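# Examination of the molecular architecture
Chain by chain, the residues run as shown.
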Amino acid sequence: MHEMTLVAGILEIAEERAREAGAARINTVTVEIGRLAGVELSALVFCFETARLGTMAAGAELVVCELPGRGRCPACGADAEIDFYAALCPACDGCLQVVGGRELRVASLDVD
Amino acid sequence: MCDTCGCNQSPDAVTYRKPGGHDHPHRHGDTEHAHPHEHEHDHDHGHHHDHGHDHGHDHGHDHDHGGGRRLSVEQDILRRNDVVAERNRGWFEGRGVLALNLVSSPGSGKTSLLERTIRDLKGEIPLAVIEGDQQTLNDAERIAAAGAPVLQVNTGFGCHLDAEMVRRALAELAVPSGGVLLIENVGNLVCPALFDLGEHAKVVIISVTEGDDKPQKYPAMFAAASLCVINKTDLLPYVDFDVEACKDAARRVNPALAFVELSATGGEGLDGWYRWLRDRRAAAAR
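Residues numbered from 1 in each chain as written. Chains lettered and ligands numbered in written order. Predicted model: local features only at pLDDT ≥ 70, side-chain atom pairs only at ≥ 80, totals over all residues. Heavy atoms only, no water.

For chain B, the count of helices and strands is 8 helices and 11 strands. For chain B, the proportion of its 286 residues judged to be buried stands at 49%. Put simply, of all contacts in chain B between residues at least 6 apart along the chain, 70% involve residues at least 24 apart. Of the accessible surface of chain B, which amounts to about 13,300 Å², a share of 47% is contributed by carbon and sulfur atoms. (Helix = DSSP H or I, 4+ residues; strand = E, 2+ residues; numbered from the N terminus. Buried < 20%, exposed > 50% of the residue type's maximum accessible area, 1.4 Å probe, protein only. Contact = heavy atoms within 4.5 Å. Areas by Shrake-Rupley, 256 points an atom, 1.4 Å probe, with all protein chains shown as cover.)

Here you go:
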């Protein structure tokens, strides 16, 4: 259940940034999560709805933008979109190396 | 509340204990939990949606957005963990310590492998151990009996060690300069893949009593590891486990993964593990 740890990190970053900007409250937190980052999105949203209480984001919505996995073939250099590790290159059947899809980022906030 | 000194700690907080020492719960410094309380508000339900790839982002500017303001943040969620992990890395580097993060599902034989390693190598390589488990001092007691300095981190309900737990453990554990620190993570093939502890390498341990499709089921962990130890090979005649199929599945996730097959209890194959350990230690000392 590392999603709760991630939510603690999300809220910490969001509150820090909102305070710096002199905001009174956070309405929306937008995060970008790669499809290969090992995050269960429903658990993330569930944890957020509990952990936001008592913070500047107490009434905030969590918007999750899911970023696709990206693989590159070391053999032929082809790029492909992937949903899982151990995907094969569509061009030459080599094993793709993961080059994207592990992102865990707070992208933006909507604040008052 | 802590029954030893009366400090106001919750009983499920992370604890740091040595075998024979007193039980003293300490709150994990970086974990702040919001306390649920009576609170009137609209239930805005979070949602997620797919995102087109290679999209642009707003960078470094704020602008008005429907009455409120939009703040561009662009910050890694694990930033704080990763900063502490970098500090740990510096700590290891400054002392010439090789740090290994041992990850596996429960029951793969991590602690047995550590006990055997300590008994076989303690005259040659100074070893110290950080034990991670949700509860109990059991594994730390086994390590202490094998003859290495050890600190038990009980994560309470936590499913993984994080960099801050290791940093705090390092402050209490006598890790010998030029030695090897073995960090036995919580038995879990999912969450520990995500948290950098500052280690030089992750070693994933799988036993032949598990399915040979573990690398396909838990690919993130096999992708993050440098070495895969296949343990309990003495049981191969009795179980349905295809070593080559397991290796092939793991290589598809991580073509650079190295393998050692061994039996921590029977002893066969341990020389390969010790060779890998010596090579990595020499590389860390350079």
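This paragraph deals with the sheet that holds strand S1 (residues 15–17) of chain B. Residue and element names in this part refer to chain B. The strand order across the open sheet formed by 8 strands is S1-S7-S6-S8-S5-S9-S10-S11, and the pairing between neighbours is mixed. Lying at the two open borders of the sheet, with one neighbouring strand each, are S1 and strand S11 (258–261). Strand-to-strand twist in this sheet, taken as the mean axis angle between neighbours without regard to direction, amounts to 20°. Relative to strand S7 (residues 150–154), strand S6 (residues 127–133) is paired through 5 bridges, and the arrangement is parallel. From the neighbouring strand, Val129 faces S7, where its bridge partner is Val150. Sheet strands touched by helix H2 (residues 110–121): strand S5 (98–104), S6, strand S8 (180–184), strand S9 (201–207) and strand S10 (227–231). Its angle to S6, the strand with the most contacts, is close to 170°. (Pairing = 2+ DSSP bridges. Axes fitted to C-alpha atoms, helices over the stretch in contact; angles between N-to-C directions.)

What follows deals with helix H8 (residues 270–285) of chain B. Residues and elements named next belong to chain B. With 16 residues, H8 should cover 22 Å at 1.5 Å per step; its first-to-last C-alpha distance of 23 Å lies within 8% of that length. The set of residues buried in H8 consists of Leu270, Gly272, Trp273, Tyr274, Trp276, Leu277 and Ala284. On the buried face of H8, the contacting elements are S5, H2, S9, S10 and S11. (Expected span 1.5 Å × (residues − 1).)

The subject of this paragraph is the pairing of S11 of chain B. Of the pairings in the sheet, the one linking S10 of chain B to S11 of chain B comprises 4 bridges and is parallel in character. When the sheet's bridge partners are listed, Val229 of chain B is paired in S11 of chain B with Val260 of chain B.

We now examine the environment of Gly211 of chain B. Along the polypeptide, Gly211 of chain B turns up in the loop between S9 and helix H5 (214–217). With 63 residues separating them in the primary sequence, Gly211 of chain B and Tyr274 of chain B have C-alpha atoms 25 Å apart.

The subject of this paragraph is the pairing of S10 of chain B. All names here are of chain B. In terms of burial, S10 is a largely internal element, 5 of the 5 residues being buried. Both faces of S10 are covered, namely the face carrying Leu227, Val229 and Asn231 and the face carrying Cys228 and Ile230. When S9 meets S10, the two strands line up parallel, connected through 5 bridges. Along S10, the bridge assignment pairs Ile206 with Ile230. Between S10 and its parallel partner S11, the chain crosses via helix H7 (residues 243–253), and the hand of that crossover is right-handed. (Right-handed = clockwise from strand over helix to strand, strands pointing away.)

Let's shift gears to the sheet that holds strand S4 (residues 79–82) of chain A. Residues and elements named next belong to chain A. What the 3 strands build is an open sheet, ordered S4-S3-S5; its pairing is antiparallel. At either margin of the open sheet sits one strand with a lone partner, and together these are S4 and strand S5 (97–100). Taking each pair of neighbouring strands and ignoring which way they run, the sheet shows an average axis angle of 40°. In this structure, strand S3 (residues 69–72) lies alongside S5, joined through 3 bridges in antiparallel fashion. Bridging from a neighbouring strand, Arg72 pairs with Gln97 of S5.

For the rest of this paragraph, the subject is the pattern of salt bridges. Note that side chains of opposite charge can pair when their charged atoms are close. Counting across every chain of the model gives 26 salt bridges over all chains. For Arg35 of chain A, the salt bridge goes to Asp83 of chain A, with nearest N and O atoms at 3.0 Å. With Arg35 of chain A in the loop between strand S1 (26–34) and helix H2 (41–51) and Asp83 of chain A in the loop between S4 and S5, the pair connects residues that are 48 residues apart, well separated along the chain. Given a relative accessible area of 46%, Asp83 of chain A falls into the partly exposed group. The shortest N-O distance in the salt bridge between Glu115 of chain B and Arg142 of chain B comes to 2.8 Å. In this pair, Glu115 of chain B is assigned in helix H2 and Arg142 of chain B in helix H3 (residues 138–146), connecting sequence segments 27 residues apart. Linked through salt bridges whose partners overlap, the residues forming this network are Glu12 and Glu16 of chain A together with Arg79 and Arg80 of chain B. (Salt bridge = Lys/Arg side-chain N within 4 Å of Asp/Glu carboxyl O.)

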